[in-house]
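# What the coordinates show
One letter stands for each residue in the lines below.
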Amino acid sequence: MLKTNSFVGVLVHLALMGVIVAGLIFGFFYLYLPSATNHGETISVPKITGMQLPDAEPFLEEQNLRYFVNDSSYHPEYKPFEILTQDPSPGSKVKENRKIYISINMKNPPMIKMPKLIDGSVKNAELILKSYNLRRGKITNVPDLQHGAVLKQFVNGKEIQPGDQVPKGAVVDLHVGDGLGNTEFEVPDVVGMPLDEASVLLVGQKLQLGNIIYVAGSGKPDGTIVRQRPIADVKAKIRTGELVDLWVAGEEPVQGID
């Protein structure tokens with residue numbers, strides 16, 4: 001009987017210990033922990049993108065939320081210190097005192113190296129500027145034989161060389177060749193000359209052939225220049241790269257027939 005009573009006593013003690021442990025576990029996980037962590041109590045994250053950082057800080061404090069700036073970048077279309085992104089997103093459910101990770105727009109743009117636009121086309125310059133987060137500004141055509149080629153690049157009225165430091169997002173103005181030189185001289189007289197000789201003369205003087213109009217019944221040998229525009233005159237001046245129209249005696253050749 002003594003052994004039986006001892007065995008029963010051990011079982012009773014083990015049962016009591018099990019109840020106590022179970023009670024402690026239940027109390028910790030279902031009573032203490034929920035009350036310590038506000039279990040089940042959540043806050044809906046407000047939308048703060050588009051707000052200024054100084055305004056967002058007290059606004060989040062009122063919501064029992066915090067913020068942390070984890071990124072910054074520069075975009076000229078946004079205001080300085082404007083909030084660009086947030087995580088968690090608006091409407092997400094979070095607990096009190098949760099950090100909202102945000103990125104903001106920088107006040108001052110970072111400096112970058114000016115790319116080389118000179119000698120390229122305007123279209124090519126636009127593509128390069130976009131890849132560097134720069135903006136194309138005013139285009140000014142200036143006398144130069146390089147038609148459509150970028151000759152100079154400016155920021156805030158100052159000529160900028162490739163490799164110079166410029167603010168990201170800066171507006172870049174361009175000087176572009178108009179295909180004409182700035183040297184004026186007397187209009188060459190090609191009337192009475194054969195077309196091939198007149199063409200060589202005009203091209204040699206850095207002029208361009210314009211329209212060629214054939215005139216039948218002029219009484220001149222076929223292929224002879226009977227008229228030109230602009231006319232050759234002592235007072236008439238022409239610039240390098242300009243067009244000269246020619247009227248030629250004879251019938252217009254039929255293409256593809258010998």
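Higher on the page you've got the structure.
Our subject in this report is the structure included herewith. What you are looking at is a predicted structure, and each value in this text was computed from that prediction instead of being measured.

So, how was this worked out
Residues numbered from 1 in each chain as written. Predicted model: local features only at pLDDT ≥ 70, side-chain atom pairs only at ≥ 80, totals over all residues. Heavy atoms only, no water. Buried < 20%, exposed > 50% of the residue type's maximum accessible area, 1.4 Å probe, protein only. Helix = DSSP H or I, 4+ residues; strand = E, 2+ residues; numbered from the N terminus. Arc of directions from axis to C-beta. Contact = heavy atoms within 4.5 Å. Salt bridge = Lys/Arg side-chain N within 4 Å of Asp/Glu carboxyl O. Core = buried A, V, L, I, M, F, W, Y, C linked by side-chain atoms within 4.5 Å. Phe/Tyr/Trp six-rings, centres within 6.5 Å; stacked < 30°, edge-to-face > 60°. Lys NZ or Arg CZ within 6 Å of the ring centre and 35° of its normal. Patch = residues over 30% accessible without salt bridge, like charges linked within 9 Å, V, L, I, M, F, W, Y side chains within 5 Å. Areas by Shrake-Rupley, 256 points an atom, 1.4 Å probe, with all protein chains shown as cover. Pairing = 2+ DSSP bridges. Axes fitted to C-alpha atoms, helices over the stretch in contact; angles between N-to-C directions.

Right, let's talk about helix α3 (residues 122-131) for a bit. If you check which residues of α3 are buried, you get V122, A125, I128 and L129. Looking down the long axis of α3, one finds its buried residues gathered within 120 degrees of arc, a one-sided arrangement. Across from the buried face of α3, at angles greater than 90 degrees, the exposed residues are K123, L127, K130 and S131. Elements that come into contact with the buried residues of α3 comprise β7 (135-142), β8 (150-155) and β11 (171-177). Within two residues after α3, N133 carries a phi angle of roughly 60 degrees, on the positive side.

Further remarks concern the pattern of salt bridges. Considering all chains together, one arrives at three salt bridges under this definition. Here E126 makes a salt bridge to R136, at a shortest N to O gap of 2.5 Å. Here E126, found in helix α3, pairs with R136, found in strand β7; they are ten residues apart in sequence, far enough to count as distant. Residue class for R136 comes out partly exposed when judged on its relative accessible area of 40%. A salt bridge links R229 to D245, with the shortest nitrogen-to-oxygen separation between them at 2.8 Å. Taken together, the residues span a long stretch of sequence, with R229 in strand β14 (residues 225-229) and D245 in strand β16 (residues 243-249) at a distance of 16 residues. On the basis of relative accessibility, which here comes to 43%, the residue R229 falls in the partly exposed class.

Quick look at the nonpolar core now. Most often, soluble globular proteins keep nonpolar side chains buried together rather than apart. The biggest cluster of nonpolar side chains holds 16 residues, and the ones touching the most others in it are M114, L117, L134, V166, V172 and L174. Those elements that provide at least two residues to this core are α3, β8 and β11. Tallying contributions element by element places α3 first for this core, with four residues. If sequence neighbours within four positions are ignored, L117 has contacts with A125, I128, L129, V150, Q153, V172 and L174. With 13 residues, the next largest nonpolar core counts V190, L195, V244 and V248 among its residues.

For the coordinates displayed, the defined rule picks out one aromatic pair. Between F68 and Y101, the aromatic rings sit 5.9 Å apart at their centres with planes inclined by 75 degrees, giving edge-to-face as the arrangement. Of the two residues, F68 is situated in strand β2 (residues 66-73) and Y101 in strand β5 (residues 99-105); the sequence distance between them amounts to 33 residues. Owing to a relative accessible area of 41%, F68 belongs among the partly exposed residues under this scheme. Stacked on the ring of W247, the Lys or Arg R227 has its end atom at 4.1 Å from the ring centre.

Before going further, it helps to examine unusual backbone geometry. Backbone torsion omega between D87 and P88 reads 10 degrees, so that peptide bond is classified as cis. Summarising the element assignment, P88 is placed in the loop between β3 (83-87) and β4 (93-94). Cis geometry is adopted by the peptide bond preceding P230, which originates at R229 and carries an omega value of 5 degrees. Mapped onto the secondary structure, P230 falls in the loop between β14 and β15 (237-239). The phi torsion at D119 lies on the positive side, around 80 degrees, for a residue other than glycine. Secondary-structure assignment places D119 in the loop between β6 (111-113) and α3.

Okay, a nonpolar patch on the surface next. On the surface, V8, V12 and L16 cluster together to form a nonpolar patch covering roughly 250 Å² of accessible area. The topology assignment puts L16 in helix α1 (residues 2-37).

Within the element layout of this structure, K130 appears in helix α3. Each C-alpha atom of the pair K130 and G169 lies 9.3 Å from the other, and the pair is 39 residues apart in sequence.

This part takes up the sheet that holds β14. The mixed open sheet is built from three strands, whose spatial order is β13-β16-β14. Sheet topology places β13 (208-215) and β14 at the edges, where each strand pairs with a single neighbour. In this sheet, adjacent strand axes meet at a mean angle of 20 degrees when their direction is disregarded.

Turning to the environment of I118, a few remarks are in order. Examined against the element boundaries, I118 turns out to sit in the loop between β6 and α3. Between the C-alpha atom of I118 and that of A149, which follows or precedes it by 31 residues, the distance is 7.4 Å.

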